[in-house]
Amino acid sequence: MHKTILIQQLAKDTNISKKDIADLLNSFQQTITKNLKRGEDINIIGFGSFKIVKTKARTGHNPSSGKEIKIKAGKRIKFRAGQGLKDSVNK
């Protein structure tokens, strides 16, 4: 599902304008991003949690050429589905 379809569906379900839904969704995304950058975890009970996981520098392989490449240490975003979401999907 693309963002525009999500906005349309939420607007239809809630009778809120698409513009207001888009503003809300953008604010939600910015808030999560800002807090993850600060190193804070985000927990939405029943939906899931977002957190930053640090990765070490490592050696990988270029799939095209097979040559070894160095991959820098970095941060990755990890999402873990909450029990409510898991239960809803598995019904």
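Look a little higher up for the structure.
Criteria and cut-off values
Residues numbered from 1 in each chain as written. Predicted model: local features only at pLDDT ≥ 70, side-chain atom pairs only at ≥ 80, totals over all residues. Heavy atoms only, no water. Phe/Tyr/Trp six-rings, centres within 6.5 Å; stacked < 30°, edge-to-face > 60°. Helix = DSSP H or I, 4+ residues; strand = E, 2+ residues; numbered from the N terminus. Buried < 20%, exposed > 50% of the residue type's maximum accessible area, 1.4 Å probe, protein only. 1 Å grid on protein atoms, 1.4 Å probe; cavity = no way out; pocket = protein on both sides within 12 Å on 5 of 7 lines; lining within 4 Å. Points joined across faces, edges and corners; volume = space filled by probe spheres on them. Nonpolar A, V, L, I, M, F, W, Y, C, P; charged D, E, K, R; others polar. Axes fitted to C-alpha atoms, helices over the stretch in contact; angles between N-to-C directions. Parallel < 35°, antiparallel > 145°, perpendicular 65-115°, else oblique. Left-handed = near helix turned anticlockwise from the far one by under 90°. Contact = heavy atoms within 4.5 Å. Salt bridge = Lys/Arg side-chain N within 4 Å of Asp/Glu carboxyl O.

A. Fine view of the packing of aromatic side chains. Applying the stated rule across the entire model yields two aromatic pairs. When the centroid spacing of 4.9 Å and the interplanar angle of 50° are considered together, the rings of phenylalanine 50 and phenylalanine 79 count as tilted. Taken together, the positions of phenylalanine 50 in strand β2 (residues 48-55) and phenylalanine 79 in strand β5 (residues 74-81) put the pair 29 residues apart, joining distant regions of the chain. Phenylalanine 50 gets classed as buried once you look at its relative accessible area, which sits at 17%. On the basis of relative accessible area, phenylalanine 79 is assigned to the partly exposed category, the value being 36%. Taken together, the ring pairs connect Phe47, Phe50 and Phe79 into an aromatic cluster.

B. Structural context of the layout of surface pockets. Taken as a whole, the largest pocket spans an internal volume of roughly 360 Å³. Lining the largest pocket are 14 residues, with Leu6, Leu25, Phe28, Gln29 and Ile32 sitting closest to its centre. Of all the secondary structure elements, the ones that give two or more residues to the lining of the largest pocket are α1 (3-14) and α2 (18-37). Among the elements that make up the lining of the largest pocket, the one with the highest residue count is α2 (eight residues). A breakdown of the residues in the lining of the largest pocket according to their chemical character gives 11 nonpolar, two polar and one charged.

C. Here's a closer look at the packing of α1 against α2. The geometry of α1 relative to α2 is characterised by a closest axis approach of 9 Å and an angle of 120° between their N-to-C directions. Taken together, the axes of α1 and α2 lie oblique to each other. When the axes of α1 and α2 are compared, the crossing they make is right-handed. Counted together, Lys3, Leu6, Ile7, Gln8, Leu10, Ala11 and Thr14 of α1 and Lys18, Ile21, Ala22, Leu25, Asn26 and Gln29 of α2 form the full contact between these two elements. Counted by class, the contact of α1 with α2 contains seven nonpolar, four polar and two charged residues.

D. Layout of the pattern of salt bridges. On inspection of all chains with the given rule, the structure shows two salt bridges. Here lysine 19 makes a salt bridge to aspartate 23, at a shortest N to O gap of 2.9 Å. Linking lysine 19 with aspartate 23, this pair stays in helix α2, spanning four residues, or about one helical turn. On the basis of relative accessibility, which here comes to 57%, the residue lysine 19 falls in the exposed class. The exposure class assigned to aspartate 23 is partly exposed, which follows from its relative accessible area of 40%. Put simply, arginine 38 and glutamate 40 hold a salt bridge, and the shortest N to O gap is 3.6 Å. On the accessibility criterion, arginine 38 (52% relative accessible area) is exposed. Residue class for glutamate 40 comes out partly exposed when judged on its relative accessible area of 35%.

These figures come from the coordinates and say nothing about function on their own.
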